[in-house]
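# Structural overview
The chain contents come next:
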Amino acid sequence: MPKSSSTSKSPLRLLWLLPVALIGVVGIGAVAMMQPPPADLDLSLTRTTEQGLYVGTLEPGASPVPVGTMQSWTVVVTTADGQPLEHAELSIDGGMPQHGHGLPTEPQVTDELGGGRYRIEGMKFNMPGWWTITLEVSGAAGTDSATFNLTL
């Protein structure tokens, strides 16, 4: 007795759907990554930390901030009442919210310049777009952080 057409279809015959589905998923992801940043994005380079303990200011080494170049930045940190924060421990991290990846480098504080100013080496952005930079500050008042938005 011959097999009916419904039982003769093998799972291998449906493999053509895999590349089509993959192309669809990749296409949707690419469109999502190409979206512009939010229209109301705050691009201020001076921010009060989340708990209000400190105020941080980012000073990029060049304007506009270049893509693909290793850079040295300055970070200025004050207490909530505007006094320079000396001898603090700082860390810098960042990434691209729309792409889901971090910075291609690990920026480090390399020098305390005095007056609440710190040199950050190793800032690099590998593509244009919306980036966030998170500054974590540990000082006498405690540990706090602020996140800055950049568009390159």
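Bear in mind the structure is a predicted one, so any value in this text is a computation, not a measurement.

Let's shift gears to the overall build of the protein. Within the protein, the regular secondary structure consists of one helix and nine strands. Written out in order from the N terminus, the α and β elements of the protein read α-β-β-β-β-β-β-β-β-β. For the protein, buried positions account for 28% of its 152 residues. For the protein, the share of sequence-separated contacts (at least 6 apart) that also reach a separation of at least 24 residues comes to 61%. Taken as a whole, the protein presents about 9300 Å² of accessible surface, with 59% of it coming from carbon and sulfur.

By the element assignment, Arg47 lies in strand S1 (residues 46-48). Within the structure, the side chain of Arg47 is placed 3.1 Å from the side chain of Asp42, a separation counted as a polar contact. Among the polar contacts made by the side chain of Arg47, one reaches the main-chain carbonyl oxygen of Thr147 at a distance of 2.5 Å. Ignoring sequence-local partners within four residues, the contact set of Arg47 consists of Asp42, Tyr54, Val55, Gly56, Ala146, Thr147, Phe148 and Asn149.

Residues Val77, Phe125 and Ile133 are the most contacted members of the largest nonpolar core, which totals 23 residues. At the level of secondary structure, the elements contributing two or more residues to this core comprise strand S2 (54-59), strand S3 (71-79), strand S4 (89-96), strand S7 (117-123), strand S8 (130-139) and strand S9 (142-151). Per element, the largest residue contribution to this core is four residues, and it comes from S8. Residues in contact with Val77, not counting those within four places in the same chain, are Tyr54, Val55, Gln83, Pro84, Leu85, Leu90, Gly116, Tyr118, Leu135 and Val137.

Strands sit in the order S1-S2-S3-S7-S6 across an open sheet of five strands; the sheet is antiparallel. Sheet topology places S1 and strand S6 (108-114) at the edges, where each strand pairs with a single neighbour. Going across the sheet, the axis of each strand differs from the next one's by a mean of 25°, ignoring polarity. Where S2 lies against S3, six bridges are found, and the strand directions are antiparallel. The residue bridging Val55 from the neighbouring strand is Thr78, located in S3.

Rules and cut-offs
- Residues numbered from 1 in each chain as written.
- Predicted model: local features only at pLDDT ≥ 70, side-chain atom pairs only at ≥ 80, totals over all residues.
- Heavy atoms only, no water.
- Helix = DSSP H or I, 4+ residues; strand = E, 2+ residues; numbered from the N terminus.
- Buried < 20%, exposed > 50% of the residue type's maximum accessible area, 1.4 Å probe, protein only.
- Contact = heavy atoms within 4.5 Å.
- Areas by Shrake-Rupley, 256 points an atom, 1.4 Å probe, with all protein chains shown as cover.
- Polar contact = N/O pair within 3.5 Å; in protein donor to acceptor, adjacent residues only side chain to side chain.
- Core = buried A, V, L, I, M, F, W, Y, C linked by side-chain atoms within 4.5 Å.
- Pairing = 2+ DSSP bridges.
- Axes fitted to C-alpha atoms, helices over the stretch in contact; angles between N-to-C directions.

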